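Okay, here's what each chain looks like letter by letter:
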Amino acid sequence: FERAVSIRRAQNKGDKSEIVAHTIQQLGAMYDKSGDCDKAIPFYEEALQLYREKIDANKDNDNDNQDQEDKEVVLDIIRCLGELCERNNNLEAAAKWYKELTAMKKQKLGDQHSEVADLFFTLGSLYAKKQEFDKSVAYYQQSLKIRRLIFGNHDLSVSNTLHNLGIVLDKMSSFEVAVDSFKEALRIRKLKAPNSAQVASTLHCMGCVFDKCSKYDLAIECLEGALKIRKNKLDPNDINTAKTLYFLGINYSHKSEEQKALLHLKESLSIRKLQLGNESVVVAQTLVAVAHVNVELRDFNEAFLCAQEALRIQKLKRGGEIDLMDASIANTLHIMGKVQLEKNKYDKAEICLTQALEMKKAQMGDNTLSFAKSAYELGRVYEKLHKIDEALEFFLKSLEVRKELDSGSLDMGHSFLGVADIYNEKDMQDLSMQFYLSALNIFKLKLGINHLSLAKCVYGIAKLRLKEGGLDVALEHLNDVLDVFKEELGNEHQDVASVLYYIAEVHEKQGDAETALKLFDDSLEIRKKTFGSDNLLVATTLFEISNVHHMKDEKDMAFAGYNEVLRVRKLLLGEDHPSCAEVLEHIGCSYEEKGDYVQAMNSLKEAKDIYVKKGETNVEVGRVIHSIGGVHDAKHEYDEALKCYNEALEIFRASDSQGLSVAVALSNIGINYARRREFEKAIDLCKEALRLRRHNLGNNHVTVADAIFNIANIYYECENNQSAMDYYIESYRIYTSKYGEDHLDVANALHAIGKMHEKNNNDNEAMSCFQKALIIYNSKTSEDSFEIGSALYSIGGMHKKKGDTDKAMECLLGALKIKKSNEQPPKGDIDVADIYHLLGEIFLVKEKYDNALTSYKEALAIYKATLGTDDVKYASCLVSLGKLNAKMGKLNLSLKHMNMAMEVYKNKLGEDDEKVAILLQSIAAVHDQNVDIEEALRCYGEALRFLRKKYGSNDTRVSDTLFAIGKVFHSWGDSEEAIDAFNEALRIRKKKLGDHHPAVAEVLKSLGGVYEEMKDYSEAMDIFNEAKEIYILKDNNHAGVATTILMIGGVYDAMNEHDNALRCYNEALEIFRSIGTENLSVAKTLNNIGINYARRKDFDKAFESCKEALRLRKLELGKDHVDVADTIFNIGNILCDCKKYDQAMDLYLQAYNIYFSKHGEDHPDVANTLECIGLVHAKKNNFDEAMSCYQKALTVQRLKAGDETMEVATILFRMGDIHRKKGEHDKAIELLTTSLQLKRKLNDDELAIAETLNYLGEASSSIGDIEKSIQHFSEALQIYKNQSNNLTAAKLLSKVGMAYSKIPDYERAVDSLEECKNLYKQELGEDHEQVALVLLDIGRICREATSYNNAVDYYINAIRILKKKYGDGNTRVINAINQMGFTFIENKDYEKAMGCFEKGVRVSKNESGVNEEVIADSLSGMALVHKVSERIDLAIACYKEELRIRSVNGRETLKVAKVMLRLGNSLADNREYDRAIGCLEEVARIKKLKLGENHQDVIDVIGKLDDIKKEQSDFKNAVKQWSSTESQNEGSG
């Protein structure tokens, strides 16, 4: 063709011949067919020019046909030129040719011709290629209009136009209009060519639009439809099928259905490799998509291999080099960077993304969406590398571009999110929230509420809320995010680990350590699987886990965790990295809490050195110095601590004078001053700290609440209770507003408020606060947490205060178990000491003294080790120990401990502190117990002056002291002073607490006790009833009601109204048992009931009641408690009254041993027991042992209370009685007289005075001082008469009568005895034995007065009564008959006398069980009658029988001696001298033995013996003389 052109040009003149033009056209066509557009175009242009010239040259010719043909050729050439330029990508030239062609066609065919429509269609496609979409749409719309006009709405050409129009609209992001176009095209294509490739193509394109609209389900529906058609209609390995598979994979990826995505993409990749070869860029594109899906599937290795292969292909296409201008390589580098980001290889990710970003910038500038995409990912990399400034720079770059080019898009939302996260990291909360909300709005609009991106946005907001203290809101958001992350990313994704980490942080801040620890552990497990153990994120998580262990007081685990974190950070960051210093700070604090202050200081100094070396800001250095101050504080080196705090403060102020670090330092300086008790400075500093926190954080921030809480603590310590309460309540308000009701800080505030209520005696409110705090602690902490232990401690203290010692003990033991289970410092934990201290006080109340002693010693040991012996807590425990020793009777030791405590109080608190006054009261109480009354009153007086000065005269503390003073006066016996003190205490309490407060009732009970001892029983009863009514108002079954009724019963007992007393005791017992009161109250009541029964002589019931009381007291208090000893003592008294002296002695000795072991030898209880032991000895006639006990008891009583006490008077009385019984009447009178004087002086009971007068009367009578005797008896008699004690009065009348008989004043004697008899008849009845006995006494006096007939009458009446009661054979009857017999002898009526004696002997022989002593009396009387009647032999026989009877129980008795004396005299009368002398010698021996050699009876017997011997000698001489005379007479006779 080239040669033809050349020849034809030569043949024709010039180049303008038709043949030349045609040949040139053909040559262009040949180049066109060969694909050489550059050569084809010039030939077509030349041919076109020739044809146009030809047409112009022939325009005047009439050859229209030729002209028309030429024009057609021109049109064809123009069409070819347009197509060639288009193929050659010279779109501007192509558009020019197509436009020219269109104009020519319109001119030729008109505007509405199909060819015009086709050209419009072509121009639409051309401008679409040029990305001039508006022009493209305009041409397509013109084409569509013409085609619809020509072909209608259902023609395929219309569908084709609609299809292409949809493509352009899609590129213009007019997705809805594009979809409409595709839907209309699809309708036509389905109608005209169902299941055709065109249908598949439209479905494919429409699916791609839905993909861009994020309508992935619709996209997949369309693409699946296209795929089905293409697989059916085309070769399964057709390239278009691969394309649809590719987009299906992309959409499934968008839906996070990665497995389906991967399946379709791999199939697409396989087809593309088959059709295009392994080195195709389309294959590379598909590999990039596969890599992206593998990233989502967490198969980073496969993802990286795909991206790496894609990059290799792309580089291969560029000659093995990376062409900065190759967009595909930039995109592959982008995805490779993203893969490395997901593989946590942040450095490599940074390289890839930086390179991709540079390429994109070089290719298209920095204002394209592609550039923004890589900038965003690079921001993510820097965020992961903690290069937050760089991260922010790239996030902002991406956001800037997307705002301009892609406003409102999801990518723009991600950029917002990235910026928000960085601002959050930089603590720029307001900006952070602004960007989060922007991102949130986009994600909600584009994605709905459950999308991963939306969840990430909410995640950021949650972290922001967490920083602001909105824990509940943060937790709600984080839990929602966690659900989405797990669903979208899988349970072990690193982002899931991050969310778990922050949820754990929320629970940690809420105080729920257990939940926090579990979540941190879950996060740690995921991060270890993801990154390995030696990773910074792993270390950070472990750091927080260690913090939680630290919070739970699991110090060993925390310590181990911190050290592992330190190892990892040193490994990855170097030993001198500031992050290592941060861990060293925590390790230092852990050492501090373990009590290893040396290691603590070393760790903190190492941290400080790192910060200084690395040139960190002074703030970090200041923080460490501040922590070093904390160590000094823990060591009680307050000066050194203050120095550090001030140094840190200066550093903080230099950095930011109004900053939060300044506030922290000021707060700790304030607390330091508070520890020094410089409360004003402390409060000023802490208030300045509060001001700064409010300035920085606002009024309602939780850190502000913390500062308020600290100030409240200081007010609490300095006893400014109202201010403390106000500040605690304000902190509580803030905590609840930020955290809700269920947070640890809320619980702590409630606990503190409860403490204030407790201080203010608002017991119910206090208990409510403590219990609410405990509920929160139980829900937020482990069952053995420190907080639960503290709450149990407080609740236990309240139960103790309310008197419920069992519940108190339960709570405190629970608290102790918790506190001891937590790791403590080597020297012990102060909280544990506090619990031991309070337990000791409860054991003291329960009178379990051994347990109390053990508890106090444990507390003291810890206080000493941790605080030293000069600390107030140590001193307070010494006070408690002193009180215990006082209870145990170790009064000197008690005073020693209290005085040691007093020294500490005065040194630490000053002499004007209230604790000094309170301790003075305790010391006074011990002096009172030690019967050092003056010292007791002095101490109480000092305390009273202090309290009045500080609180005024009407304060309840003043009333408490007056109450105690009243008790001292009461115990001292000064009733008037006691009443004055009690009444003043009563006035104050009524004024301050109201008339019906239980504290008023307590004073009333003591006041009533004074009146009871004053014998003003009516006043005592009224006062006790008033107290009872107060308790009833509180609770009808209140223990106070029962206690008061018990006291009322005591008054009735004192009034000898034992029935009423017993009724009260039983009523009290019923109340105690009904309310479940501890067994000690029941035991006390049973003890009183037992004593009541003993007073009634119902000893069996008395014994049973006291025995049960003893069992209960032993059960509650142990066997060696003094209250147990009291009950044993009472039972001993009952047995003594029952005359069971041996058993009584055993019990008294048991009580004595307990008292002695608890109190020592110089205690009143010991003295009282010795007195009773002496009494038993006296009852058993062991007078020397009795006197020894009395002497010891007297010594103790005089030592403790002086000479003029009731106890001394009683012992002197008993000693006098011993001397009386021993016949030492002068000593008896001396002691009894002293006792009587004391009793009268001390206003002792009248009956006790009467008893002493009675014994004095007997002693006086014994020494022959009958008038004195009668005087004493008469005084005693008058007392008994006044008391209406007729029976005892009758006994005294008997003694008075017998005394008168000794004067002798028989008339008065008989009168007294007659009065005695009448009283007995009145009280006991006419035929009572006691009447008979008085009749016998009167008979005896009448006999002495020789009024024998009257005597016999009295005897007969007595015998009648006795016979009526006992019968004839009773000893008493025979004895009375014998007395009457002796009266008959004296009246010389021997026959009647013998009748009486014989009757006695006869009855005795016939009756069994008669006392033989009475028979002996009868025999004695018979002997006397026989002797008087000179029946000597019979007299001797009677005496011998009498002697036999009386010798049965031993011969060495005075009675036996008396009989032997009579027998000897009778033998002498009967001239039986040798036997008589033998009898009298035995009598002398016995009387010497019993009475002593110098006794008159012995002298008389010896004189009688001499008389008999002389008489025997005289008799023998007489007989001898008679015999001699008789012999002489015989001799002379």
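Below you will find a few notes about this structure. All residue numbers refer to position in the chain's written sequence, counted from 1. In keeping with the predicted nature of the model, local features appear solely for residues at pLDDT of at least 70, side-chain atom pairs appear and are counted solely at 80 or more, and the whole-chain, interface and lining totals rest on all residues. Side-chain numbers here rest on the full set of heavy atoms in the structure, without hydrogens or water.

## Some words on the overall build of the chain
Defined as follows: Helix numbers and strand numbers start at the N terminus; a helix is a DSSP run of H or I with at least 4 residues, a strand a run of E with at least 2. Buried means the residue's accessible area, taken with a 1.4 Å probe over protein chains only, is under 20% of the maximum for its type, while exposed means over 50%, and partly exposed covers the values in between. Whether two residues touch is decided by their heavy atoms; if any such pair falls within 4.5 Å, the residues are in contact. Only the protein chains shown count as cover for residues, and all accessible areas are computed by the Shrake-Rupley method using a 1.4 Å probe. Asp and Glu count as negative and Lys and Arg as positive, but His and the ends of the chain are not part of the count. Charged side chains are reduced to one point each, which is NZ for Lys, CZ for Arg, CG for Asp and CD for Glu.
Helix and strand counts for the chain stand at 72 helices and zero strands. Taken along its principal axes, the extent of the C-alpha atoms in the chain is 250 × 70 × 65 Å. Every one of the 1533 residues in the chain was classed for burial, and the buried ones make up 51%. Partitioning the intrachain contacts of the chain with sequence separation of at least 6 by distance along the chain shows that 56% fall at a separation of at least 24. Taken as a whole, the chain presents about 69700 Å² of accessible surface, with 47% of it coming from carbon and sulfur. Averaged over its 205 positive side-chain charges, the chain has a centre that lies 2 Å from the centre of its 243 negative ones.

## Things to note about empty space enclosed by the protein
Under the convention used in this document: Both cavities and pockets are sets of points on a 1 Å grid over the protein atoms alone; in a cavity a 1.4 Å probe fits but cannot get out, in a pocket the set is open with protein on both sides within 12 Å along at least five of seven lines, and lining residues sit with an atom within 4 Å of a point. Grid points are joined across faces, edges and corners, and a volume is the space filled by probe spheres set on the points. Following the grouping adopted for this structure description, the nonpolar residues are Ala, Val, Leu, Ile, Met, Phe, Trp, Tyr, Cys and Pro, the charged ones are Asp, Glu, Lys and Arg, and the polar ones are all others, Gly among them.
Counted by the stated rule, this structure contains one cavity of 30 Å³ or more. Its boundaries defined by the atoms lining it, the largest cavity holds a volume of some 60 Å³. In terms of lining residues, the largest cavity is bounded by ten residues, among which Ala 513, Met 551, Lys 552, Ser 785 and Glu 787 are the most central. For the lining of the largest cavity, the class distribution of residues is four nonpolar, four polar and two charged.

## Overview of the side chain of Lys 360
Just so we agree on the cut-off: Definition used for salt bridges: Asp or Glu carboxyl oxygen within 4 Å of a side-chain nitrogen of Lys or Arg.
Following the sequence through the fold, Lys 360 ends up in helix α17 (residues 346-364). At 9.4 Å, Glu 377 is the nearest oppositely charged side chain to Lys 360, a buried residue that forms no salt bridge.

## Digging into the side chain of His 1163
How we decide: Identification of polar contacts relies on pairs of N or O atoms within 3.5 Å, with a donor-acceptor requirement for protein atoms, meaning one able to donate a hydrogen and the other able to accept it, and with residues adjacent in sequence counted only if both atoms are side-chain atoms.
Examined against the element boundaries, His 1163 turns out to sit in the loop between α55 (1141-1159) and α56 (1164-1179). Within the local environment of His 1163, its side chain forms a polar contact with the backbone nitrogen of Asp 1165, the two atoms lying 2.9 Å apart.

## Quick word on unusual backbone geometry
Cis rather than trans, the peptide bond between Ile 1303 and Pro 1304 has omega equal to 0°. On the secondary structure map, Pro 1304 appears in the loop between α62 (1286-1302) and α63 (1306-1324). Here Asn 761, not a glycine, exhibits a phi torsion of approximately 65°, which is positive. Looking at the element boundaries, Asn 761 is found in the loop between α36 (744-759) and α37 (763-780). For Asn 761, a relative accessible area of 55% translates into the label exposed.

## Describing the packing of aromatic side chains
Here is the rule we go by: Only the six-membered ring of Trp is used, alongside the rings of Phe and Tyr, when aromatic pairs are assigned; centres must lie within 6.5 Å, and planes under 30 degrees apart are stacked while those over 60 apart are edge-to-face, with the rest tilted. Remark: a charge is flagged as sitting over a ring if the NZ atom of Lys or the CZ atom of Arg is within 6 Å of the ring centre and within 35 degrees of the ring normal.
Applying the stated criterion to the full structure yields 24 aromatic pairs. Measuring from centroid to centroid gives 5.5 Å for Tyr 31 and Phe 43, while their planes differ by 10°, and the two rings are stacked. Placement of the pair is Tyr 31 in helix α2 (residues 18-33) and Phe 43 in helix α3 (residues 37-57), with a sequence separation of twelve residues. The pair formed by Tyr 31 and Phe 43 is uniform in burial state, with each residue classed as buried. Ring geometry for Tyr 715 and Tyr 727: centres 5.5 Å apart, planes at 40°, overall tilted. Of this pair, Tyr 715 sits in helix α34 (residues 702-717) while Tyr 727 sits in helix α35 (residues 721-739), and the two are twelve residues apart along the sequence. The residue whose ring lies beneath Lys 759 is Tyr 716, and the NZ or CZ to ring-centre distance is 4.2 Å.

## As for a nonpolar patch on the surface
Put simply, the rule is: Exposure above 30% relative accessible area and no salt bridge define the residues that can form patches, which grow by joining like charges within 9 Å and nonpolar side chains of Val, Leu, Ile, Met, Phe, Trp and Tyr within 5 Å.
A surface patch of nonpolar side chains, about 290 Å² in accessible area, is lined by Leu 149, Ile 150 and Phe 151. By the element assignment, Phe 151 lies in helix α7 (residues 133-151). A relative accessible area of 39% means that Phe 151 is categorised as partly exposed.

## Considering the pattern of salt bridges
Enumeration over the complete set of coordinates arrives at 90 salt bridges. A salt bridge links Arg 623 to Glu 585; the shortest N-O distance between them is 2.7 Å. Taken as a pair, Arg 623 in helix α30 (residues 618-634) and Glu 585 in helix α28 (residues 578-594) lie far apart in primary sequence, 38 residues in all. On the accessibility criterion, Arg 623 (33% relative accessible area) is partly exposed. For Glu 585, a relative accessible area of 8% puts it in the buried group. Glu 1452 is paired through a salt bridge with Arg 1485; the nearest N and O atoms lie 3.1 Å apart. Separated by 33 residues along the polypeptide, Glu 1452 in the loop between α69 (1432-1446) and α70 (1454-1469) and Arg 1485 in helix α71 (residues 1473-1491) bring together distant segments of the chain. Since its relative accessible area comes to 37%, Arg 1485 is described here as partly exposed.

## Considerations on the packing of helix α58 (residues 1206-1221) against helix α59 (residues 1225-1241)
Threshold: All axes are obtained by fitting lines to C-alpha atoms, using only the stretch in contact for helices, and the reported angles, taken between N-to-C directions, cover 0 to 180 degrees. For classification, angles of less than 35 degrees are called roughly parallel, those exceeding 145 degrees roughly antiparallel, those between 65 and 115 degrees roughly perpendicular, and all remaining angles oblique. Each crossing gets its hand from how the near helix is turned against the far one by less than a right angle, where anticlockwise is left-handed and clockwise is right-handed.
Their axes nearest at 8 Å, the elements α58 and α59 cross at an angle of 160°. The angle between α58 and α59 falls in the class roughly antiparallel. For α58 against α59, the interelement crossing comes out left-handed. In contact with Val 1208, Ala 1209, Leu 1212, Phe 1213, Met 1215, Gly 1216, Asp 1217, His 1219 and Arg 1220 of α58, α59 contributes His 1225, Lys 1227, Ala 1228, Leu 1231, Leu 1232, Thr 1234, Ser 1235, Leu 1238 and Lys 1239.

## Regarding α55
This is how the line gets drawn: Each helix should span, by expectation, one fewer than its residue count multiplied by 1.5 Å.
In a regular helix each residue adds 1.5 Å, so 19 residues correspond to 27 Å; α55 covers 26 Å between its end C-alpha atoms and thus fits that length. Looking at α55, one finds that the buried residues are Tyr 1141, Ala 1144, Met 1145, Leu 1147, Tyr 1148, Ala 1151, Ile 1154, Tyr 1155, Lys 1158 and His 1159. Structurally, α55 contributes buried residues whose contacts are with α41 (849-866), α42 (872-887), α54 (1122-1137) and α56. Gly 1160 occupies a position one or two residues after α55 and carries a positive phi of about 90°.

## Section: the packing of helix α23 (residues 471-489) against helix α24 (residues 494-509)
For the pair α23 and α24, the least separation of the axes is 9 Å and the interaxial angle reads 160°. Here α23 is positioned roughly antiparallel relative to α24, judged by the angle of their axes. By crossing handedness, the relation of α23 to α24 is classed as left-handed. Judged by residue contacts, Leu 471, Ala 474, Leu 475, Leu 478, Asn 479, Val 481, Leu 482, Phe 485, Lys 486 and Leu 489 of α23 engage Asp 495, Val 496, Val 499, Leu 500, Tyr 502, Ile 503, Val 506, His 507 and Lys 509 from α24. When the residues that make up the contact of α23 with α24 are grouped by side-chain class, the tally is 14 nonpolar, two polar and three charged.

Purely spatial values, then, with no claim about function.
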